[in-house]
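As a plain string of letters, each chain reads:
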There are 2 protein chains.
Amino acid sequence: MKTEIIEILKRSQLSATESRAAILALFQEAGTALTHADIEKKTGALFDRVTIYRTLQTFVEKGIIHTIPTADNAILYALCKDNCSEGNHHDNHIHFICDNCSTTYCLDHINIPEIKLPKGFFISGTDILVNGICKNCNDN
Amino acid sequence: MKTEIIEILKRSQLSATESRAAILALFQEAGTALTHADIEKKTGALFDRVTIYRTLQTFVEKGIIHTIPTADNAILYALCKDNCSEGNHHDNHIHFICDNCSTTYCLDHINIPEIKLPKGFFISGTDILVNGICKNCNDN
DNA sequence: AATAGTTTGCAACTAAGTTGCAAATAATTT
DNA sequence: AAATTATTTGCAACTTAGTTGCAAACTATT
Ligand SMILES: [Zn+2]
Ligand SMILES: [Zn+2]
Ligand SMILES: [Zn+2]
Ligand SMILES: [Zn+2]
């Protein structure tokens with residue numbers, strides 16, 4: 001278990017267990033968003049699927065990862081890069097999903113455009129999902 | 001069965017059946033987005049849930065309704081107002097979900113802002129989900 | 001009215017997600 | 001470092017969501 005990962009877990013008042021460390025490491029290595037199924041595949045029979053569900057839930061609560069809504073209705077999870085904390089997410093960024101390889105990126109450094117609503121509507125948050133071809137798929 | 005509804009079904013080369021007419025009428029009355037569960041509740045025991053699944057799927061294919069991705073992962077469906085056709089949707093509009101009443105609106109007349117992506121990424125479509133308080137909930 | 005084509009409901013199934021609880025593991029105290 | 005306490009895990013059982021095959025019912029066509 002890497003010290004860096006133990007640090008992150010401790011900072012969120014979570015005990016450093018094998019499963020949490022392994023799943024957190026997976027996110028760091030991937031650098032992109034993952035589904036529950038992705039994680040189940042990559043960890044093989046190491047952990048029970050219930051443990052994966054509970055770990056993801058805990059990570060979302062603690063502000064370690066955030067969820068991404070998708071058109072095909074599979075929940076995606078990605079590392080929070082801003083300093084999110086317990087019950088206080090501020091991952092206000094655009095998400096990009098590649099039509100070709102399905103990889104999902106958090107575009108942290110792109111500005112969210114301002115959106116004007118009709119009279120009577122008040123805005124509290126915005127989720128922007130962009131589809132297209134990613135950097136990687138374009139290179140080939 | 002209203003003639004207007006039969007018209008819409010015929011135009012999409014669908015036979016005018018009780019269930020299709022009733023479900024289409026529901027969408028017209030609601031004016032907002034509905035989930036599979038909403039429809040199941042509103043139609044009571046009139047139709048089998050399998051029929052509802054199949055009807056929604058058919059309507060999406062034929063360009064009568066479109067799906068809306070949501071943060072909490074429930075698939076929402078809403079009437080297409082643009083002239084969508086079989087396999088060719090162009091419902092390029094913002095979706096608004098009320099934090100208070102959960103009603104979901106298609107904001108057809110609001111412009112989609114242009115989004116600039118990092119080098120190497122190419123855009124093919126955009127889904128914008130806005131959360132906040134709706135017109136209706138503000139009036140009270 | 002008869003026929004051909006399509007849609008529906010049922011039953012059975014697969015997949016996704018949740019819950020309770022005892023055993024195992026991690027953190028804290030002595 | 002061992003014992004105690006608190007937290008987490010895995011299993012089994014369950015609920016909910018969605019799919020598939022097929023015979024019966026319905027719609028459209030002749
Ligand atoms: Zn790609
Ligand atoms: Zn993100
Ligand atoms: Zn409202
Ligand atoms: Zn819409």
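Below or above, wherever it landed, is the structure these notes cover. (Residues numbered from 1 in each chain as written. Chains lettered and ligands numbered in written order. Predicted model: local features only at pLDDT ≥ 70, side-chain atom pairs only at ≥ 80, totals over all residues. Heavy atoms only, no water.)

## Digging into the coordination of the zinc ion (ligand 1)
For the zinc ion (ligand 1), the protein coordination sphere consists of A:Cys98 (SG), A:Cys101 (SG), A:Cys134 (SG) and A:Cys137 (SG), at 2.2 to 2.3 Å. Look at A:Cys134 and you get buried, because its relative accessible area is 0%. (Donors = N, O, S within 2.8 Å, 3.2 Å for Na, K, Ca; no water. Buried < 20%, exposed > 50% of the residue type's maximum accessible area, 1.4 Å probe, protein only.)

## A closer look at the protein's contact with DNA strand D
For DNA strand D, the set of nearby residues contains 18 residues, the closest of which are A:Thr17, A:Ser19, A:Thr51, A:Arg54 and B:Lys10. What you see for DNA strand D is that sugar and phosphate hold 64% of its atoms within 4 Å of the protein. For DNA strand D, a phosphate oxygen lies 2.7 Å from a polar atom in the side chain of A:Thr17. Measuring from a phosphate oxygen of DNA strand D, one finds a side-chain N or O atom of B:Lys10 at 2.5 Å. Where the surface near DNA strand D is concerned, the elements lending two or more residues are helix 2 (18–30) and helix 4 (49–61) of chain A together with helix 4 (49–62) of chain B. In terms of residue count, the dominant contributor to the surface near DNA strand D is helix 4 of chain B (four residues). (Near = heavy atom within 4 Å. Polar contact = N/O pair within 3.5 Å; in protein donor to acceptor, adjacent residues only side chain to side chain. Helix = DSSP H or I, 4+ residues; strand = E, 2+ residues; numbered from the N terminus.)

## Overview of the protein's contact with DNA strand C
Within the structure, DNA strand C sits among 18 residues, and A:Lys10, A:Arg49, B:Ser19, B:Thr51 and B:Arg54 are positioned closest to it. The contact atoms of DNA strand C, taken as those within 4 Å of the protein, divide so that sugar and phosphate hold 65%. Within the side chain of A:Lys10, an N or O atom sits 2.5 Å from a phosphate oxygen of DNA strand C. Side-chain polar atom of B:Arg54 to a base oxygen of DNA strand C: 2.6 Å apart, as the coordinates give it.

## Things to note about the environment of B:Leu107
For B:Leu107, the location among the structural elements is in strand 5 (residues 104–107). Here the alpha-carbon distance between B:Leu107 and B:His89, two residues 18 residues apart in the chain, equals 16 Å.

## Focus on the coordination of the zinc ion (ligand 2)
Six octahedral donors around a metal ideally subtend angles of 90 or 180 degrees, whereas four tetrahedral donors ideally subtend 109.5 degrees. Residue and element names in this part refer to chain A. Here the zinc ion (ligand 2) is held by His66 (NE2), His93 (NE2), His95 (NE2) and Cys106 (SG), and the distances to it run 1.9 to 2.2 Å. Given four donor atoms and angles of 96 to 116° at the metal, the environment of the zinc ion (ligand 2) is assigned as tetrahedral. Each donor residue of the zinc ion (ligand 2) lies on one chain, and together they are spaced H-x26-H-x1-H-x10-C. You can see His93 sitting in the loop between strand 3 (76–79) and strand 4 (94–98) and its partner Cys106 sitting in strand 5 (residues 104–107), a full 13 residues away along the chain. The residues His93 and Cys106 share a single accessibility class, namely buried. (Tetrahedral: all angles 85-135°; square planar, octahedral: opposite > 155°, others 65-115°.)

## As for the sheet that holds strand 1 (residues 34–35) of chain B
Residues and elements named next belong to chain B. On the basis of which strands lie adjacent, the open sheet formed by three strands has the order 1-3-2 and antiparallel pairing. Two strands in the sheet have a free side with no partner beyond their single neighbour: strand 1 and strand 2 (65–68). Looking at chain direction, strand 2 and strand 3 (residues 76–79) are connected through four bridges and run antiparallel. Bridged to Ile68 within strand 3 is Leu76. Those strands touched by helix 4 are strand 2 and strand 3, and its axis lies near 105° from that of strand 2. (Pairing = 2+ DSSP bridges. Contact = heavy atoms within 4.5 Å. Axes fitted to C-alpha atoms, helices over the stretch in contact; angles between N-to-C directions.)

## Structural notes on the sheet that holds strand 5 of chain B
Ordered in space as 5(A)-4(A)-6(A)-6(B)-4(B)-5(B), the six strands form an open sheet in which the pairing is mixed. The open sheet has two edge strands, strand 5 of chain A together with strand 5 of chain B, and neither has a second partner. When the angles between neighbouring strand axes are averaged without regard to direction, this sheet yields 25°. By the bridge criterion, four bridges tie strand 4 (residues 94–98) of chain B to strand 5 of chain B in an arrangement that is antiparallel. Within strand 5 of chain B, the position partnered with B:His95 by the bridge is B:Cys106.

## Some thoughts on the interface of chain A and chain B
In this complex, chain A contributes 35 residues to the contact, which on the side of chain B involves 35 residues. Interface area for chain A against chain B, summed over the two sides, is near 2,800 Å², with a carbon-plus-sulfur share of 63%. Between chain A and chain B we count 14 residue pairs in polar contact (both at pLDDT 80 or more) in total. Within the residue set of the side of chain A that touches chain B, elements represented by two or more residues are strand 4, strand 5, strand 6 (122–133) and helix 5 (135–139) of chain A. As defined by bridge partners, strand 6 of chain A adjoins strand 6 (residues 122–133) of chain B across eleven bridges and the pair is classed as antiparallel. The residue of strand 6 of chain B that forms the bridge with A:Gly132 is B:Ile123. (Buried area = accessible area lost by both parts, 1.4 Å probe.)

Worth remembering: the numbers are spatial, not functional.
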